[in-house]
Amino acid sequence: MAFQGKKLINNPDDVVTEFIEGLVETYPGLQYLDGFPEVKVVIRADASGATYDKVAVISGGGSGHEPAHAGFVGEGMLTASICGDVFASPSVDSILAGIRAVTGPMGCLLIVMNYTGDRLNFGLAAEQARSEGYKIEMVIVGDDCALPPLLGIAGRRGLAGTIFVNKIAGAAAAAGLSLADVAAEAKRASQMVGTMGVALSVCTLPGQVTSDRLGPGKMELGLGIHGEPGAAVADLQPVDVVVSHVLKQILSSETNYVPITRGNRVVLMINGLGATPVMELMIAAGKTVPKLQLEFGLAVERVYTGSFMTSLDMAGFSISIMKADQTLLQRLDAPTKAPHWPVGSAGNRPPAKIPVPLPPSRSTKSEESLSRPLQLSEQGRILEAAIEAAVNAVIVMRDSLNDWDSKVGDGDCGSTMYSGATAILDDMKKYYPLNDAAETVNEIGSSVRRAMGGTSGVLYNIFSKAAYARLKANSDSTVTAKQSFEAAIDAVSKYGGASAGYRTLLDALIPALSVLKERLTAGDDSSTAFVLSSEAALAGAESTKDMQAQAGRSSYVSAAILATVPDPGAMAAAAWYRAAALAVKAKYEKASS
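For the protein chain, the name recorded in an unreviewed UniProt entry is 3,4-dihydroxy-2-butanone kinase, with Gossypium raimondii as its organism. Within the UniProt record for the protein chain, the comment given under Sequence similarities (unreviewed entry) is "Belongs to the dihydroxyacetone kinase (DAK) family."

1. Examining the overall build of the protein chain
What the protein chain contains, in helices and strands, is 19 helices and 15 strands. For the protein chain, the C-alpha radius of gyration of 26 Å lies close to 25 Å, the compact-globule estimate for 593 residues. Expressed as lengths along the three principal axes of its C-alpha atoms, the size of the protein chain is roughly 85 × 60 × 50 Å. Taking all 593 residues of the protein chain together, the buried fraction comes to 53%. Pairs at least 24 residues apart make up 74% of the contacts formed inside the protein chain by residues separated by at least 6 positions.

2. Concerning the sheet that holds strand 7 (residues 136-141)
If you trace the seven strands from one edge of the open sheet to the other, you get 7-6-4-5-3-2-15, paired in mixed fashion. Every other strand in the sheet has two partners, leaving strand 7 and strand 15 (353-354) as the edge strands with one partner each. Where strand 3 (residues 41-44) lies against strand 5 (residues 80-86), three bridges are found, and the strand directions are antiparallel. Within the sheet, the bridge partner assigned to Val-41 lies in strand 5 and is Ile-82. Running at roughly 5° to strand 7, helix 5 (residues 179-190) makes contact with strand 4 (56-63), strand 6 (108-113) and strand 7 of the sheet.

3. Looking at the pattern of salt bridges
Under the counting rule described, the total for this entry stands at 24 salt bridges. In this structure, Lys-40 and Asp-85 form a salt bridge, with 3.1 Å as the shortest nitrogen-oxygen distance. Of this pair, Lys-40 sits in the loop between strand 2 (30-33) and strand 3 while Asp-85 is found in strand 5, placing the two residues 45 residues apart along the sequence. A salt bridge links Glu-518 to Arg-519, with the nearest nitrogen and oxygen atoms 3.9 Å apart.

4. Focus: the packing of aromatic side chains
Taken as a whole and judged by the stated rule, the model has 12 aromatic pairs. Pairing Tyr-431 with Tyr-432 gives two aromatic rings, centres 5.9 Å apart and planes at 70°, and the pair type is edge-to-face. With a centroid separation of 5.3 Å and 20° between ring planes, the pair formed by Phe-485 and Tyr-577 is classed as stacked. Placement of Phe-485 in helix 15 (residues 477-496) and of Tyr-577 in helix 19 (residues 568-592) is noted, with a sequence separation of 92 residues between them. Both residues of the pair, Phe-485 and Tyr-577, count as buried. Taken together through their ring pairs, the aromatic side chains of Tyr-460, Phe-463, Phe-485, Phe-530, Trp-576 and Tyr-577 make up a single cluster. Above the ring of Tyr-257, the side-chain terminus of Arg-156 is found at 3.9 Å from the ring centroid.

5. Here's the deal with the nonpolar core
Ile-99, Leu-110, Phe-485 and Trp-576 are the most contacted members of the largest nonpolar core, which totals 94 residues. Per-element tally for this core: the top contributor is helix 19, with 11 residues. Mapping this core onto the domain boundaries places at least three of its residues in each of domain 1 (10-141) and domain 3 (378-592). For Leu-110, the contacting residues outside a window of four places in its chain are Ile-58, Ile-99, Phe-122, Ala-126, Ile-136, Glu-137, Met-138 and Val-139. One finds Met-77, Ala-169, Ala-173 and Ala-199 within the second-largest nonpolar core, a separate group that totals 60 residues.

6. Section: helix 6 (residues 239-250)
With 12 residues, helix 6 should cover 16 Å at 1.5 Å per step; its first-to-last C-alpha distance of 16 Å lies within 8% of that length. If you check which residues of helix 6 are buried, you get Val-242, Val-243, Ser-244, Val-246, Leu-247 and Ile-250. Buried residues belonging to helix 6 abut strand 8 (193-199), strand 10 (218-221), helix 7 (278-294) and strand 14 (316-323).

7. Focus: the UniProt feature "active site" (unreviewed entry) in the protein chain
Sequence positions flagged by UniProt for "active site" (unreviewed entry) are, in local numbering, His-226. Looking at where His-226 falls in the secondary structure, it is placed in the loop between strand 10 and strand 11 (232-235). Among the residues examined, His-226 registers a relative accessible area of 24% and is labelled partly exposed. Here His-65 takes part through its side chain, which lies 3.4 Å from a polar atom of the side chain of His-226.

8. Some remarks on helix 5
With 12 residues, helix 5 extends 16 Å between its outermost C-alpha atoms, agreeing within 8% with the 16 Å of an ideal straight helix rising 1.5 Å per residue. Those residues of helix 5 that fall on the buried side of the exposure criterion are Leu-179, Val-182, Ala-183, Glu-185, Ala-186, Ala-189 and Ser-190. For helix 5, the angular spread of the buried residues around the axis is 160°, confining them to a single face.

9. Digging into unusual backbone geometry
Look at the link from Phe-36 to Pro-37: it is a cis peptide, with omega at -5°. Secondary-structure assignment places Pro-37 in the loop between strand 2 and strand 3. The residue after Ala-68, namely His-69, is reached through a cis peptide bond having omega -5°. Mapped onto the secondary structure, His-69 falls in the loop between strand 4 and strand 5. In this model, Phe-87 sits at a positive phi of 60°, which is unusual for a non-glycine residue. With respect to the element layout, Phe-87 can be found in the loop between strand 5 and helix 2 (92-102).

Cut-offs and rules
Residues numbered from 1 in each chain as written. Predicted model: local features only at pLDDT ≥ 70, side-chain atom pairs only at ≥ 80, totals over all residues. Heavy atoms only, no water. UniProt positions renumbered as here; feature names shortened; annotations may be inferred. Helix = DSSP H or I, 4+ residues; strand = E, 2+ residues; numbered from the N terminus. Rg over C-alpha atoms; globule rule 2.2 N^0.38 Å. Buried < 20%, exposed > 50% of the residue type's maximum accessible area, 1.4 Å probe, protein only. Contact = heavy atoms within 4.5 Å. Pairing = 2+ DSSP bridges. Axes fitted to C-alpha atoms, helices over the stretch in contact; angles between N-to-C directions. Salt bridge = Lys/Arg side-chain N within 4 Å of Asp/Glu carboxyl O. Phe/Tyr/Trp six-rings, centres within 6.5 Å; stacked < 30°, edge-to-face > 60°. Lys NZ or Arg CZ within 6 Å of the ring centre and 35° of its normal. Core = buried A, V, L, I, M, F, W, Y, C linked by side-chain atoms within 4.5 Å. Domains from an automatic or database assignment. Expected span 1.5 Å × (residues − 1). Polar contact = N/O pair within 3.5 Å; in protein donor to acceptor, adjacent residues only side chain to side chain. Arc of directions from axis to C-beta.

In structure tokens, the structure reads:
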């Protein structure tokens, strides 16, 4: 039966901030940004973005996996760790605060574990940081080897192998490599590592009851690290049998998840999940090494045993195996002051906390540039008409979108889009700088971020920020509009993971972009090309009835149900795009008459 878990804590809502306070008191080389509870960021005490002359390496994610990732902040490893709430992705504001605090002219590498929330929030933060002038690269780690290749875009989960990637990237950055070279080494490392775990118990979240999902005498194979069910439940077996099964999964030639073959050099990590005694971890290590050597013909160059990425109080362990060459071994052996990598930490104690840095735009932009102009230019009037038409089209569709979404999702697409649309309409009337298209697009993103929830809000914010960055880089309005639209679509695809045919809003926008480029190349004027491309957007949205969803909640819905309605997100995108196009066309025709 389920029972209340015992925890040595105070308020369950304060566990992450109180953990950080204890961490920086314990390790004098660490600080945190003074932004609790919204901003929870641990940084190196010797790294300031204003003077830091190396590539900053930042990782993070939900808390509850300690010592990951904050325990790996230190010279030679991570420059900062962004801490979300327990098992929850960190906020975009936290990620941006971390980037601004430690990123200097050499730029910043974000190492992100492959979970949708982390990908989207780190992706949006990356786009915002780029728009502020920072050089940013991002590497996504998915080292899970427990499941066969999945359909759709979810992909392999990020697990303890991420710690190897953090160490290698941190050592490369400490050696003075460029951002491109640090990112390349991190990406290469992420492709060389595989991980699988086994659990004997289910973890207990602070303030919640302990699940009884695993009965006595049972173990779970191929677990996640957030309390989700594993790939299979089996009878408890001796560790010899468990290790053999895990190694066969990781090194399977059928899935080919890791490029490891007989004769290769490897490094091994035996990682405790939070409630596993050191004795049991050492037993697992002692059984794993000879199996790798004798059964798989591998040269085991390094063994790391301990708790590196846990799952609160879960009993069990994971095994990570990474193909190694001399360069990777040098990176792993390079000195670091990160307190939980197996080396020492030293240094004088600086102040425990420092202020959260503000975005540069807040201090460099005048109040006038971020307010509605007293007199609109011709382009400003056209932009206002397009925005007003677009959001009104979404507003009137609220009930239809909710109805469609109730059949294929969670029934709130219309309400979510309505919230964003009304916020844009209200904010435009008050302070959008409509004579400046780039800054207006940026403010649309800010309105969406404030008012829209869920994945849709993050995706549209990413869309706006990517478009803004491209608009700022070019002054040719016609060319820039097309390029910024393309950049926005690319960013949504990159961070959301979807592309054409996945039954998402991109199935409206990608056809629209294709026709827009085609008509502009053919010599059509921009407003005509815009209208013709909007027809392609509508056709693309309608065509989603014939698609099998590969992203979002619709991917769990049967094809028979999907065929009855179009994708609501695609229909919403087509509606606002079409309305904007017609409004622009009408304005141009009126001006020329």
